[in-house]
Amino acid sequence: MRVTKYSANGNDFVIFHTFVKKDRSLLAKKLCHRQNGIGADGLIVLLPKSKNEIGGDKSKIDFEWQFYNSDGSEANMCGNGSRACAHYAYVNELAQNVMKFLTGAGIIGAVVDGDMVLSELTPPKIIDKEILENGKSWWLLDTGVPHLVYFTKDITKFDIAEARELRDKYNANVNIAFIEGKNLRVRTYERGVEDETLACGTGMAACFYRAYSEKVVGNDIEVYPTSGETLYLGVNDRTITFRGRVRSIFSAEIDSL
Ligand SMILES: N[C@H](CCC[C@H](N)C(=O)O)C(=O)O
């Protein structure tokens, strides 16, 4: 089986494509394992439309995907993964450079331009704006997957134990964000990785959307994740747009695990 390893601003993924849809949570755990596997935050499986697929929603999409976190849990959406997956689909001739694909959160649009990829996320939902935990004001939003967002005065202090508790209590990813001029710096504890990752796309989108909703930032801003690799976020008339570089690290034939 041929797999490709991608990094999207430090959030890394193993990607392959197949026509066979089945549960791959065990494979995800094996491939994503940092010591005994390839090592990644997630596994992405592209399921191209089979030749004779007609009609329904599928007629509007180039492929569908399965996304698994490194612990084998399946998630509806992954912002950085959607950009890596779009680049993979384009270079493997599974889609043109402008594409649409089906995720657990709905249809995602993507545009590939060299190593820069823009994803249109699913329309954000504000679930709760009044969560008080440990004297801090959190919002709970859904940007394809659930995210808690808190604005901190000191981005160097991310209480991982607190993040773990809140992740369990709300079954959500946990983000702290720092307003840096007209831009944001974001750190994310990721559900299903169960640690801070170097970047989390839907997390950055959730932090952007809270700041934009509270008018502390404008449209089209820069967001700096833990990796320091800049992402560009904005809103269009439909949803949140999310743009940044992706890198194909290597491809390899592996024994079918
Ligand atoms: N860990 C997330 C899925 C991956 C999200 C993240 N990698 C992104 O770029 O959006 C969850 O289980 O809700």
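Residues numbered from 1 in each chain as written. Predicted model: local features only at pLDDT ≥ 70, side-chain atom pairs only at ≥ 80, totals over all residues. Heavy atoms only, no water.

We now examine the domain arrangement of the protein. In terms of domain boundaries, the protein breaks down into domain 1 (2–117) and domain 2 (125–237). For domain 1 versus domain 2, the separation of C-alpha centres amounts to 23 Å. On the side of domain 2, 21 residues touch domain 1, which itself brings 18 residues to the contact. The junction of domain 1 with domain 2 conceals about 1,100 Å² of combined surface from both sides, 50% of it contributed by carbon and sulfur atoms. Inspection of the domain 1/domain 2 interface yields zero salt bridges. Here domain 1 and domain 2 share six residue pairs in polar contact (both at pLDDT 80 or more) between them. (Domains from an automatic or database assignment. Contact = heavy atoms within 4.5 Å. Buried area = accessible area lost by both parts, 1.4 Å probe. Salt bridge = Lys/Arg side-chain N within 4 Å of Asp/Glu carboxyl O. Polar contact = N/O pair within 3.5 Å; in protein donor to acceptor, adjacent residues only side chain to side chain.)

Our next topic: the site of the ligand. G79, N173, R191, G201 and T202 are the nearest of the 15 residues found near the ligand. A distance of 2.8 Å separates an oxygen atom of the ligand from a polar atom in the backbone of G201. T202 is positioned with one of its side-chain polar atoms (N or O) 2.5 Å from an oxygen atom of the ligand. Expressed as a share of its isolated accessible area of 360 Å², the protein-covered part of the ligand is 99%. In this structure, the ligand is accommodated by the largest cavity. The set of elements that each furnish at least two residues to the shell around the ligand consists of β4 (63–69), α2 (79–91) and α4 (201–213). Tallied by class, residues from the shell around the ligand come to six nonpolar, seven polar and two charged. Built from parts of two domains, the shell around the ligand gets at least three residues from each of domain 1 (2–117) and domain 2 (125–237). (Near = heavy atom within 4 Å. Areas by Shrake-Rupley, 256 points an atom, 1.4 Å probe, with all protein chains shown as cover. 1 Å grid on protein atoms, 1.4 Å probe; cavity = no way out; pocket = protein on both sides within 12 Å on 5 of 7 lines; lining within 4 Å. Sits in = over half its atoms within 2 Å of the grid points. Helix = DSSP H or I, 4+ residues; strand = E, 2+ residues; numbered from the N terminus. Nonpolar A, V, L, I, M, F, W, Y, C, P; charged D, E, K, R; others polar.)

What follows concerns empty space enclosed by the protein. By the definition in use, this model includes one cavity of 30 Å³ or more. Its volume calculated, the largest cavity comes out at about 100 Å³. For the largest cavity, the lining is made up of 15 residues, of which N69, M77, V145, E190 and T202 are closest to its centre. Counting residues per element, the ones that place at least two in the lining of the largest cavity are β4 and α4. For the lining of the largest cavity, a count of residues per class yields six nonpolar, seven polar and two charged. Counting residues domain by domain, the lining of the largest cavity receives three or more from each of domain 1 (2–117) and domain 2 (125–237). (Points joined across faces, edges and corners; volume = space filled by probe spheres on them.)

Next up on the list: the pattern of salt bridges. The tally for this structure, following the rule as stated, stands at 16 salt bridges. E196 is the partner of R187 in a salt bridge, and the nearest nitrogen-oxygen pair spans 2.9 Å. Each of K5, D12, R34 and D41 takes part in salt bridges that share partners, so that together they form one network.

We now examine the side chain of R187. Relative to the assigned elements, R187 resides in strand β12 (residues 183–190). At a separation of 3.3 Å, a polar atom in the side chain of R187 contacts the main-chain carbonyl oxygen of T156. A polar side-chain atom of R187 sits 2.9 Å from a polar atom in the side chain of E196. In this structure, R187 is in contact with I155, T156, K157, F158, V174, N175, I176, E196 and T226, ignoring residues within four places of it in sequence.

Turning our attention to the environment of T4. Inspection of the secondary structure assignment puts T4 in strand β1 (residues 2–8). For the pair T4 and G203, spaced 199 residues apart in sequence, the C-alpha to C-alpha distance is 24 Å. Polar side-chain contacts of T4 include one of 2.6 Å to the side chain of S251.

Here we come to the UniProt feature "active site" (unreviewed entry) in the protein. According to UniProt, the positions carrying the feature "active site" (unreviewed entry) are C78 and C200. These annotated residues cover 123 residues of sequence, and their C-alpha atoms all fall within 7.9 Å of one another, placing them together at a single site. From the set just named, the residues that line the largest cavity comprise C78 and C200. If you trace the backbone, C78 turns up in the loop between β4 and α2. In this structure, C78 is in contact with N11, F13, W65, F67 and T202, ignoring residues within four places of it in sequence. Note that C200 resides in the loop between β13 (195–197) and α4. Each residue touching C200, except ones within four places of it in the same chain, is listed here: N11, N80, H147, T188 and E190. (UniProt positions renumbered as here; feature names shortened; annotations may be inferred.)

Our next topic: the state of the cysteines. Scanning the entire structure with this criterion turns up zero disulfides. Considering cysteine sulfurs only, C78 is the nearest to C200, which forms no disulfide, with 6.8 Å between them. C200 sits in the buried class, given a relative accessible area of 5%. Not engaged in a disulfide, the cysteine C207 finds its nearest cysteine sulfur in C200; these two sulfurs lie 8.7 Å apart. (Disulfide = S-S within 2.5 Å. Buried < 20%, exposed > 50% of the residue type's maximum accessible area, 1.4 Å probe, protein only.)

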